[in-house]
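Close look at the chain arrangement
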Amino acid sequence: MNNLTSFIFYLFILFISIDMINGVLIRNEIQSISMPFKLLTLFLISIYLVKKHKHLYLLSIVSTMVFFLALHSLLLGDVTKAVSSLDMLIRFSAIIIFYLYFKTLIKNQAEDLLFTIAKISFYFLIFNTFLGVIGLGYPMYGIGESGIGTKGLIFAGNEIGAALIVSGAIVSMKYLEDNNIKYFFVSGILLLISSIFLASKVSLLGSIILFFFFPLLKAFKNMSNFKLPKSDFINANIILVTVPILAIVGIYYTLYEINLIDRLSYFYEKLDLITLIFSSRNIWAEEAYNAFINHYSFIEYLFGSGRGYFEFISDDRLVEIDPIDFLMNYGIIGLLITFGIIFFILFETIIKRKLNKYSIYVIFTIFLLLGISSTAGHVFNSGTAGFLIAILLALGSYRNKQKLVK
């Protein structure tokens, strides 16, 4: 590991802790340190990729952003607003740049660095939740003592759920493939407990799904002629019994001990069930659809209107459903570029799955993230979870080590 790689590695190790510090600074109206820190990481990675002759990828990313900046400046008549419209694209581009970097590390057989980054980030996220539980953090919903749940010190609450799920998935697949079942259960329980205290529907459901299905995926992967290895059979049966019980206890605790039920009941009286489940995102999605059909020009159909579409959405905001926000911001072309890249990586992982012992977990988690991004948002434009998503995507390119034939 050369000096530049070592330095970048330690920067990634600090990502979650920097977000925790940054959350305190933002709430006290002090200048953010997270963005400069992550921009430094991006800059150093860009230097690394240029040295590895990956400059065409970087040129394509920069050219795309310059194109949308120029076009939206013309459409909006406001350069400042056009710059702010690039926010989602910049965050997505950061994920892709991180992915390219992590992929080169895997190619150089340094995948252990990726797992170390994910593992340390996962336990930082657990620690962040613990700080909230003992009263040193901030509530997920509401303010002060009447708040519900906790997001610890990190500012962007919605993104913590995605970060927890992705880091938990990476840690879990590593423990399972190393046959370290004890640590898999420990990490799974910690993931579930953190999601309970976070009091987020998405993170709680996602954690339960991962904890339940990952051992079953391992058992399915190792099945031969409809027969399972004894250890996989035992672990699968333990999961089938324990996880549903833990899920019921966790959901009950979240609803009645953390009082999420009061929040849900309050909104249920004012809204229908679908609106309650989607936290009003279905209403904003309908408003976005009407704006796209009735107000967008042909150019805006293709390339979006930047933040100009906010005026058609209640409270002047994002819809918080990733595909819709990418469509409204960057049009059909922008949506095809961004999600096309994700589906290309997914397709490549699927067709080469037999060469990669982690592929079944990666594929499952990508589909889970696509589901979350299409219902709750803040996934493929997440500043907190972005580098972890990049690690997950890069692990799709892992190739099993070949045994030497004597």
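The structure we're discussing is the one just above.
One numbering rule holds for all chains: residues counted from 1, following each sequence as written. Local features in this predicted model are restricted to residues whose pLDDT is 70 or higher, and side-chain atom pairs enter the listing and the counts only when it is 80 or higher, whereas totals over whole chains, interfaces and linings include all residues. Values reported for side chains reflect all heavy atoms of the structure, with hydrogen atoms and water molecules removed beforehand.

To pair, rings of Phe, Tyr and Trp, with the six-membered ring standing in for Trp, must have centres within 6.5 Å; the planes then decide the type, stacked if under 30 degrees apart, edge-to-face if over 60, and tilted in the middle. Inspection of the entire model under this criterion finds 34 aromatic pairs. Measuring from ring centre to ring centre gives 6.0 Å for Phe12 and Phe387, while their planes differ by 20 degrees; the resulting arrangement is stacked. Of this pair, Phe12 sits in helix 1 (residues 3-13) while Phe387 sits in helix 18 (residues 386-395), placing them 375 residues apart in sequence. Throughout this description, buried means an accessible area under 20% of the type-specific maximum (1.4 Å probe, protein chains only), exposed means over 50%, and partly exposed covers the range between. Using a relative accessible area of 0% as the deciding quantity, one classes Phe12 as buried. A relative accessible area of 1% places Phe387 in the buried class. Each ring is checked for a lysine NZ or an arginine CZ that lies within 6 Å of its centre and within 35 degrees of its normal; such an atom marks a charge sitting over the ring. Here Lys151 stacks its cationic end above the ring of Phe155, 5.8 Å away from the centre of that ring. Its guanidinium or amino end placed over the ring of Phe115, Lys174 lies 5.0 Å from that ring's centre, counting from NZ or CZ. Only DSSP runs of H or I covering at least 4 residues are called helices, and only runs of E covering at least 2 are called strands; the numbering of each starts at the N terminus.

This part covers the nonpolar core. Within the largest apolar cluster, 131 residues are counted, with the highest numbers of intra-cluster contacts made by Phe12, Phe98 and Phe102. At 14 residues, the largest contribution of residues to this core is made by helix 6 (residues 87-107). The set of buried Ala, Val, Leu, Ile, Met, Phe, Trp, Tyr and Cys residues whose side-chain atoms join them within 4.5 Å is what this entry labels a nonpolar core.

For the rest of this paragraph, the subject is the packing of helix 7 (residues 111-133) against helix 8 (residues 157-177). Packing of helix 7 against helix 8 brings their axes to within 9 Å, and their N-to-C directions diverge by 130 degrees. As far as their axial angle goes, helix 8 and helix 7 are oblique. Relative to helix 8, the crossing made by helix 7 is left-handed. Contacts between helix 7 and helix 8 pair Asp112, Phe115, Ala118, Lys119, Phe122, Tyr123, Leu125, Ile126 and Asn128 from the former with Ile160, Ala163, Leu164, Ser167, Gly168, Ile170, Val171, Met173, Lys174 and Tyr175 from the latter. When residues are sorted by character, Ala, Val, Leu, Ile, Met, Phe, Trp, Tyr, Cys and Pro go into the nonpolar class, Asp, Glu, Lys and Arg into the charged class, and all the rest, Gly among them, into the polar class. Here the residues of the contact of helix 7 with helix 8 sort into 13 nonpolar, three polar and three charged. For every element, the axis is a line fit to its C-alpha atoms; helices are fit only across the contacting stretch, and the angle between N-to-C directions ranges from 0 to 180 degrees. When an angle is under 35 degrees it counts as roughly parallel; over 145 it counts as roughly antiparallel; between 65 and 115 it counts as roughly perpendicular; any other value is oblique. Note: crossing handedness is left-handed where the near helix turns anticlockwise from the far helix by less than a right angle, and right-handed where it turns clockwise. The contact rule is simple, with two residues in contact once any of their heavy atoms fall within 4.5 Å.

Between helix 7 and helix 9 (residues 181-198), the shortest axis-to-axis distance is 10 Å and the interhelical angle comes to 40 degrees. Comparing their axes, helix 9 and helix 7 come out oblique. For the pair helix 7 and helix 9, the sense of crossing is left-handed. Contacts from Phe122, Tyr123, Ile126, Thr129 and Val133 in helix 7 reach Ser187, Leu190, Leu191, Ser194 and Phe197 in helix 9. Across the contact of helix 7 with helix 9, the residue classes tally to seven nonpolar, three polar and no charged.

What follows concerns helix 17 (residues 359-373). How far a helix is expected to stretch is found by multiplying one less than its residue total by 1.5 Å. For helix 17, with 15 residues, the first-to-last C-alpha span of 21 Å sits near the 21 Å given by 1.5 Å per residue. By the criterion of burial, helix 17 is predominantly enclosed, with twelve of the 15 residues buried. Among the residues making up helix 17, those that are buried are Ser359, Ile360, Tyr361, Val362, Ile363, Thr365, Ile366, Leu368, Leu369, Leu370, Ile372 and Ser373. Tucked into the core, helix 17 has its buried residues touching helix 8, helix 10 (201-222), helix 16 (322-351) and helix 18.

What follows concerns a nonpolar patch on the surface. To count toward a patch, a residue needs a relative accessible area above 30% and no salt bridge. Like charges then connect within 9 Å, nonpolar side chains (Val, Leu, Ile, Met, Phe, Trp, Tyr) within 5 Å. Every accessible area reported is derived by Shrake-Rupley at a probe size of 1.4 Å, with residue values counting cover from the shown protein chains alone. Whenever Lys or Arg places a side-chain nitrogen within 4 Å of a carboxyl oxygen from Asp or Glu, that contact is recorded as a salt bridge. Residues Phe127, Phe130, Val133, Ile134 and Leu136 make up a contiguous nonpolar surface patch of roughly 480 Å² in combined accessible area. Structurally, the position occupied by Leu136 is in the loop between helix 7 and helix 8.

That is the geometry; function is a separate question.
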